[in-house]
Every structure is written in structure tokens, then in C-alpha cells.
Amino acid sequence: MNLNDNGDLAFIPLGGTGEIGCNLNVYRCDGHLLAIDCGIGFGGAEQPEAEVMVPDPSWLAERRDKLLGLVITHAHEDHVGAVAPLWPQLRCPIYASPFTAAVLRRKLGEAGLLHQVELVTVPLGGEVELGPFRLRFIRVTHSVPEPQSIAIRTPHGTVLHTGDWKLDPEPLIGQPADEEAFAALGREGVLAMVCDSTNALVEGHSGSEAEVRRSMTALIRKLKGRVAVTCFATNVARMESVALAAHAAGRQVALFGRSLRNAEAAARECGYLQNLPPFLQEEDADDIPDDQLLILCTGSQGEPRSAMAKIAADTHPRISLGEGDTVIFSSRMIPGNERAILRMQDDLARGGCKVMTADDHMVHVSGHPARDELRRLYSLVKPRFSVPVHGEWRHLQEHAALAREMGATPVLVEDGDVLQLAPRAGNAAPEVVEGVPTGQLALDGERLLPLDGGVLGARRRMLFNGVVMASLAVDRSGRVLGSPQISAPGLFDMADMEPGQLADELARAVTDLPSALKQEDDMLRDAARTVLRKAVSRRLRKRPSVEIHLLRV
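Computed from a predicted model, the values in this text were never measured in an experiment.

## A closer look at the sheet that holds strand E15 (residues 252–256)
Here is step 1: Strand order across the open sheet formed by five strands is E15-E16-E14-E17-E18, with parallel pairing between neighbours. Because the sheet does not close on itself, it has two edges, and the strands there are E15 and strand E18 (354–356). Each adjacent strand pair in this sheet contributes to an overall mean axis angle of 20 degrees, direction not counted.
Here is step 2: Looking at chain direction, strand E14 (residues 227–230) and strand E17 (residues 326–329) are connected through four bridges and run parallel. Of the residues in E17, the one forming a bridge with Val 227 is Thr 326.
Here is step 3: Packed onto the sheet, helix H8 (residues 258–269) meets E15 and strand E16 (293–297) and runs at close to 115 degrees relative to E15.
Here is step 4: Packing against the sheet, helix H10 (residues 338–350) makes contact with E17 and E18, and its axis sits at approximately 165 degrees to E17.

Below is the structure:
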């Protein structure tokens, strides 16, 4: 069955039904498109050749003449981080809350796009009408200022897109979730709720930022030496809690990492952190006695270029930590990042630091709803249908079971599914009527590269099989001049005999080639590459990438 572009309401996740991030969701109504969120994900152990990934927007970009806008629910990287690299393909207006817009302006400015993008700041609880979509923003709580769910009213019914949320009675930054607005929506009637599933396996309540503040204050007061805390940069409530705990313990706070500086600037621009004095600059931290210093830094997910990664490797130009110092990881591990985080924590411990995590201290609470919060939202909204998103498949299944208990009919989808919400015959449930192409691209500097393309394919082969580079000089007749130079980083050490042996073998093989073949550079280069690859394979049982630099004198 093919979905008609006219007279329908459909939900199309292009990224984000799984845990890896890369959120990009599309709603289609009567031929018009509305996009919600546009985030990054991390490659992790499964994609070591790609540090940062973004959703492939090709399907949406081909239909950008129908795209009315991109709405951002909140300022986390997995929901906003891909806006700057992908906007040139979408070229639509962007709608966001004041804090999210402030974060976005900095990202767009760094990308040189600020004056090209129509960025519309929507007040908290505001409304926007885009073609057949009438949007009502509803305040929720999360581990970032100003997260908002979006009630999408259409001629075919109302859909609630929750974004990331929780029900925190004491969020510290901003107000609690607007439960009355959800209840009013439920009384009005909700066709479907597209809802966060991250903690669908967790019983009880996710906890409150206020609990972390109380615990952090008591914890930091007892510590000696230098103290470092790493958390998500946009968790402004956590930033404020750490700063207040530090001041209560007689410590000054220095920020390490550009993303933290940007988040602080955006927060102060929007009226947050007004009771905190300015943070120290990185260059000022070394002048503060150890027992009077706390550094707040990026790198909670083991990002290789982050401040904490450099500190753990003892390569940071401004600060070092060691015996008697303490490092607090005030965050959860995003799936895929475990290996990098544990390696960093091990390096810190090896250097003499005491490492504290949420496994053994109350230094973090989740920003996502546990099962009691999910039940509460279902009781308020009373959706006819439930579409679990944002979680691994087992999370989606558990969320679906809970939704069924709460009286909603669940429908599970994967990225690329076109879920027709309306119209439907009789009381039939929404159904997946077709699929659209989806995928992910690697963000490589300023380039977007396909994961299955030649560049990343070669990088993947080099990661597992290594690379061999040979420089070969020949005269016009193809006679080898001097000795070839061979380098094979990751396969042989500089002091090994094998590179010299390979060079001799390559020279002999080239000398024995037919004269006609040696006259053509491309043919000679291909033959030399084959010889060298086979020679390495005999020694190591590997098939490395081989590059031949041919100089004809």
C-alpha cells in the first residue's frame, strides 16, 4: 500500500527510535511536512571509524518544498547537534524555546549560518501555526533548561510528541511540568502519543535534581585536594548545584571546555545562574590552592578531545590531577560510550585520583521518566494510541506493554517506517503503510560522509588491517633507483626488520616485471601494490590498505 501525500496524517521517524541518538522525526499532514529535532549520535565501538554521526536527511531534503519548519524540543546534542551541518540541505525556519535558541545561535554562528537561518524564538507554553499543524508547546522537565513537549493539532486529530521528559517536582532551573496542560489535552482528546522510552524498564520515579544538589553539597564539603566534576554541558541545574556546593565548601569554580562556556553564556542570556558569580577562566585555575579549587569540565562521555580526556591522559595544557584529587562523573553512560568512559576513569585512578560515579554516590539522576512517571502521563493524556520511541527495542516493548495496561493501543515502529495515524477505516489501529530510505552520515570535520562510502570504508579497513605506505623511485625505463622506503604504522615498529625486508622484496619484484608494464605509471603502481599486499599478507595474515608513491626520475 502506498501512502497518499494528500488527506492523511503520518509519523515518519528518520532517526531516533533507537538509543543511539540522531533524532530526526517528521509528521506529514495533507501533503505538508513538519520536522521535530535534528541531533547527533556517537559511533562508539560499532562504528570506530565515525566519531560523530548525524541522520541522513536525503529523503526529507528532496521534499523540502513541502517542509514548513523544524521544531526543536530541547538543547541536548542528540536533538539539536545536527541542525548546523544539515540545515543547508533543509533550508527551513527553525522554532525553539529561548534557551534552545540561544544555544542554536552559537552553533549556527560557528558554522557561518547565523544570518541565513530564520530562527524563531517561541515563548514557553507558546503556540505556532504552520499550515495544517497547530502547535502548542507544553512545559516538561528534563536535564536541560526549557524542555517542551509539543501538542500537534491537525484536521485529523491531535498528536502529543513528548520529546525527552520527566516529572521532577523540584527541577531547580525552571518550573515543574505543566500537568494541567496535559490534563486539558487529555480532556480534549488525543489521537496518539509519541513518547520517550529510555527508562521504560525502571520501576518507580527517576529522582529529582534537588536530591543531587543536597547530596553533592554534603559530598564536596568532605573532599580534600583538587576536585573535578564532569557532566553534560547543557545541564544548567547541575552546573548551578556543583557551583553552590563548591562555594559552600570554600572553593572557587573554573569551567574547562568550550561547550560548558557556551552553555553558561546561553543560560545567563536567558536569566539563569543570576545568583552565581562569574566562573574562573582556565588560565586562572592554577593560581588557586588545591583545597580551594573545583573544576567543572566537559568529557563525561569519554570524548577524545574533551577537557576530561586530556586531564586523564595528563596532556591538558592548563591543569593536572593526581594523588589526593577527586573526579566526580555526574552523568550516565550513553550506550556505546562505555569503553571510552571506563578507560578514562581507569587512567584517572592509575594517576592517583579517586573516581566517584552514580553507581556509588548520589551524583546523578536521569532526565527520563521511570515507569511511575509514564503511568502518570498516560493517566493525564489518555491517548488512544501510543508510539514508543527513543530506546532500544526491549525498552520500546516494555513501554508498549505499559501503554496497553494504561488503556492505549501501542504501535511499534523503526526508523524509516511511515506510520499512518489517520484516516483509518473504522476503529483500526495506525499501521505502517510503507518505508522511506534512512541512514546515518559521519560528521567528519565539516564533511558529511556516508558510512558505507569509500572514505570511511578505507578508514575501517585501516583500523582492522592497517596501512602500508611505500615510496618507490624509478627511471624512465622502470629501473628501481636506490631502495624503496616502506612505512607500516600499526603493523611494524620502526626498529623491526620487516620493513627493510619488504623493501628489498618490492625492489626485486619490480625489477622482474615486463618492460612494457614498467613504462606505464598506473600499471606499475598497481603491480607494486599487489606485490606489497601479498608480501604483508604472508607475514601477518592481514590484507592492509597499501599506498604506493611512485616517483619517476
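After presenting the structure, the write-up continues.
## Concerning empty space enclosed by the protein
Here is step 1: Evaluated as defined, the whole model comprises one cavity of 30 Å³ or more.
Here is step 2: Taken as a whole, the largest cavity holds about 80 Å³ of empty space.
Here is step 3: Lining the largest cavity we find 13 residues, and of these Asn 23, His 161, Gly 163, Val 389 and His 390 sit closest to its centre.
Here is step 4: Looking at the lining of the largest cavity residue by residue, the class counts come to one nonpolar, nine polar and three charged.

## Details of the pairing of strand E1 (residues 9–15)
Here is step 1: The buried fraction of E1 amounts to seven of the seven residues, a majority that puts the element mostly inside the structure.
Here is step 2: Pairing of E1 with strand E21 (residues 417–422) involves three bridges; the strand directions are antiparallel. Its bridge partner lying in E21, Ala 10 is registered against Gln 420.
Here is step 3: Relative to strand E2 (residues 24–29), E1 runs antiparallel, the two sharing six bridges. Paired with Ile 12 across the two strands is Val 26, which belongs to E2.

## Overview of the sheet that holds strand E25 (residues 467–474)
Here is step 1: Taking strand neighbours across the sheet as the criterion, the three strands line up as E26-E25-E27 in an open arrangement whose pairing is mixed. What marks the edges here is a single partner per strand, and that holds for strand E26 (485–487) and strand E27 (545–552). Pairs of neighbouring strands in the sheet enclose a mean axial angle of 15 degrees, with direction left out of account.
Here is step 2: For E25 and E27, the ladder comprises eight bridges, and the chain directions are parallel. Bridged to Ala 470 within E27 is Ile 548.
Here is step 3: Across the sheet, helix H16 (residues 521–540) touches E25, E26 and E27, and the angle it forms with E27 is around 140 degrees.

## Some thoughts on the packing of helix H4 (residues 98–110) against H8
Here is step 1: At a minimum axis separation of 8 Å, H4 and H8 run at an interaxial angle of 135 degrees. Viewed along their axes, H4 and H8 adopt a mutual orientation that is oblique. In the packing of H4 onto H8, the handedness of the crossing is right-handed. In contact with Phe 99, Ala 102, Val 103, Arg 105, Arg 106 and Glu 110 of H4, H8 contributes Arg 258, Asn 262, Ala 263, Ala 265, Ala 266, Ala 267 and Glu 269.
Here is step 2: Classifying every residue of the contact of H4 with H8 gives seven nonpolar, one polar and five charged.

## Observations concerning the pattern of salt bridges
Here is step 1: Counted according to the given criterion, the structure contains 25 salt bridges.
Here is step 2: With its nearest N and O atoms 3.1 Å apart, the salt bridge here joins Arg 226 to Asp 290. Note that Arg 226 is positioned in the loop between helix H6 (209–221) and E14 and Asp 290 in the loop between H8 and E16, a separation of 64 residues in sequence.
Here is step 3: Note on Arg 226: relative accessible area 8%, which makes it buried.

## With respect to the nonpolar core
Here is step 1: Ranked by internal contacts, the top residues of the largest apolar core, which has 38 residues, are Phe 99, Met 216, Leu 294, Leu 296 and Ile 328.
Here is step 2: Contributions of two or more residues to this core are made by H4, H6, E14, helix H7 (236–248), E15, H8 and E16.
Here is step 3: If one sorts the elements of this core by residue count, H7 sits on top with seven residues.
Here is step 4: In this structure Leu 296 touches Val 229, Cys 231, Met 239, Val 242, Val 253, Ala 254, Leu 255, Phe 256 and Leu 260, once residues within four positions along its chain are discounted.

## Quick word on the environment of Glu 283
Here is step 1: For Glu 283, the position within the fold is in the loop between H8 and E16.
Here is step 2: Judged by its relative accessible area of 42%, Glu 283 falls in the partly exposed class.
Here is step 3: Along the backbone, Glu 283 and Gly 225 are 58 residues apart, and their C-alpha atoms lie at a distance of 19 Å.

## A short note on the side chain of Thr 162
Here is step 1: Topologically, Thr 162 is positioned in the loop between strand E12 (157–161) and helix H5 (179–188).
Here is step 2: Given the relative accessible area of 1%, Thr 162 is considered buried.
Here is step 3: Not counting residues up to four positions away in its chain, the partners in contact with Thr 162 are Gln 148, Ser 149, Met 193, Val 194, Cys 195, Asp 196 and Leu 377.

## What about the pairing of E21?
In the case of a regular strand, side chains alternate between the two sheet surfaces.
Here is step 1: Taking burial as the measure, the six residues of E21 include six buried ones, the bulk of the element.
Here is step 2: Direction of pairing for E21 relative to strand E22 (residues 431–435): antiparallel, over a ladder of four bridges. Looking at the pairing, Asp 417 lines up with Gly 435 of E22.

Calculation criteria
Residues numbered from 1 in each chain as written. Predicted model: local features only at pLDDT ≥ 70, side-chain atom pairs only at ≥ 80, totals over all residues. Heavy atoms only, no water. Pairing = 2+ DSSP bridges. Helix = DSSP H or I, 4+ residues; strand = E, 2+ residues; numbered from the N terminus. Axes fitted to C-alpha atoms, helices over the stretch in contact; angles between N-to-C directions. Contact = heavy atoms within 4.5 Å. 1 Å grid on protein atoms, 1.4 Å probe; cavity = no way out; pocket = protein on both sides within 12 Å on 5 of 7 lines; lining within 4 Å. Points joined across faces, edges and corners; volume = space filled by probe spheres on them. Nonpolar A, V, L, I, M, F, W, Y, C, P; charged D, E, K, R; others polar. Buried < 20%, exposed > 50% of the residue type's maximum accessible area, 1.4 Å probe, protein only. Parallel < 35°, antiparallel > 145°, perpendicular 65-115°, else oblique. Left-handed = near helix turned anticlockwise from the far one by under 90°. Salt bridge = Lys/Arg side-chain N within 4 Å of Asp/Glu carboxyl O. Core = buried A, V, L, I, M, F, W, Y, C linked by side-chain atoms within 4.5 Å.

Remember that the coordinates give geometry; whether it matters functionally is a separate question.
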